[in-house]
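# Analysis of the macromolecular model
In case you want the letters, here they are:
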Amino acid sequence: MSADGIDVQIKLLASESEAERQAALDTLKAMGVDAVDALAAGLQSPTQSTQTRQLIVWVLGEIEEMAGADALVQALHDPDDKVRVLAITALGNIGGEAAAAPLATMLEDTDETVRRE
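Residues numbered from 1 in each chain as written. Predicted model: local features only at pLDDT ≥ 70, side-chain atom pairs only at ≥ 80, totals over all residues. Heavy atoms only, no water.

A tally of regular secondary structure across the chain gives eight helices and zero strands. Put simply, the chain runs from its N terminus to its C terminus through helices and strands in the order α-α-α-α-α-α-α-α. Its C-alpha radius of gyration of 14 Å places the chain within 12% of the 13 Å reference for a compact globule of 117 residues. Taken along its principal axes, the extent of the C-alpha atoms in the chain is 40 × 25 × 20 Å. The proportion of buried residues among the 117 residues of the chain is 45%. When the accessible surface of the chain is split by element, carbon and sulfur atoms take 50% of a total near 6,300 Å². Averaged over its 8 positive side-chain charges, the chain has a centre that lies 7 Å from the centre of its 21 negative ones. (Helix = DSSP H or I, 4+ residues; strand = E, 2+ residues; numbered from the N terminus. Rg over C-alpha atoms; globule rule 2.2 N^0.38 Å. Buried < 20%, exposed > 50% of the residue type's maximum accessible area, 1.4 Å probe, protein only. Areas by Shrake-Rupley, 256 points an atom, 1.4 Å probe, with all protein chains shown as cover. Lys, Arg positive; Asp, Glu negative; His and termini not counted. Charge placed at Lys NZ, Arg CZ, Asp CG, Glu CD.)

Now the structure itself:
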């Protein structure tokens with residue numbers, strides 16, 4: 001799929017249609033590492049809604065590629081606690097020593113659910 005096609009799938013994550021969102025998640029997950037850079041860029045976009053950021057973090061965790069780890073580490077500082085929880089889970093899925101130190105800092109998060117995760 002082209003970069004434009006990936007961007008279309010990312011935009012569909014903001015759809016009001018549950019079926020469209022799910023289809024986009026499935027497509028992005030199936031693309032694997034080819035979608036990681038666009039997902040990481042989408043996660044950093046200041047125009048993304050909270051729901052879209054949550055879905056991007058979730059799919060990065062499902063792809064389980066180290067290439068997405070940097071974006072997930074940045075997501076640990078997202079203002080939304082659910083994004084942070086999803087980023088913790090996603091980094092756990094990816095594993096690796098690079099995730100250990102950022103995950104340890106989450107023990108001091110202001111949100112109890114984030115700390116517990």
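The structure having been displayed, the exposition proceeds.
The subject of this paragraph is the confidence of the model for the chain. Across the chain, the average pLDDT comes to 90, with 98% of residues at or above 70. Within the chain, the element-level pLDDT minimum falls on helix 7 (residues 97–105), averaging 81, and the maximum on helix 2 (residues 18–31), averaging 96. (pLDDT = per-residue confidence, 0-100.)

Let's shift gears to the nonpolar core. Counting residues in each nonpolar core, the largest one holds 35 residues, and the members touching the most others are Leu28, Leu39, Val57 and Leu60. At the level of elements, helix 1 (3–12), helix 2, helix 3 (33–44), helix 4 (50–63), helix 5 (69–75) and helix 6 (81–94) are the ones that each hand at least two residues to this core. For this core, the element with the highest residue contribution is helix 6, accounting for eight residues. Apart from the residues within four sequence positions on either side, leucine 60 is in contact with Val36, Leu39, Leu43, Gly68, Ala71, Leu72 and Ile94. (Core = buried A, V, L, I, M, F, W, Y, C linked by side-chain atoms within 4.5 Å. Contact = heavy atoms within 4.5 Å.)

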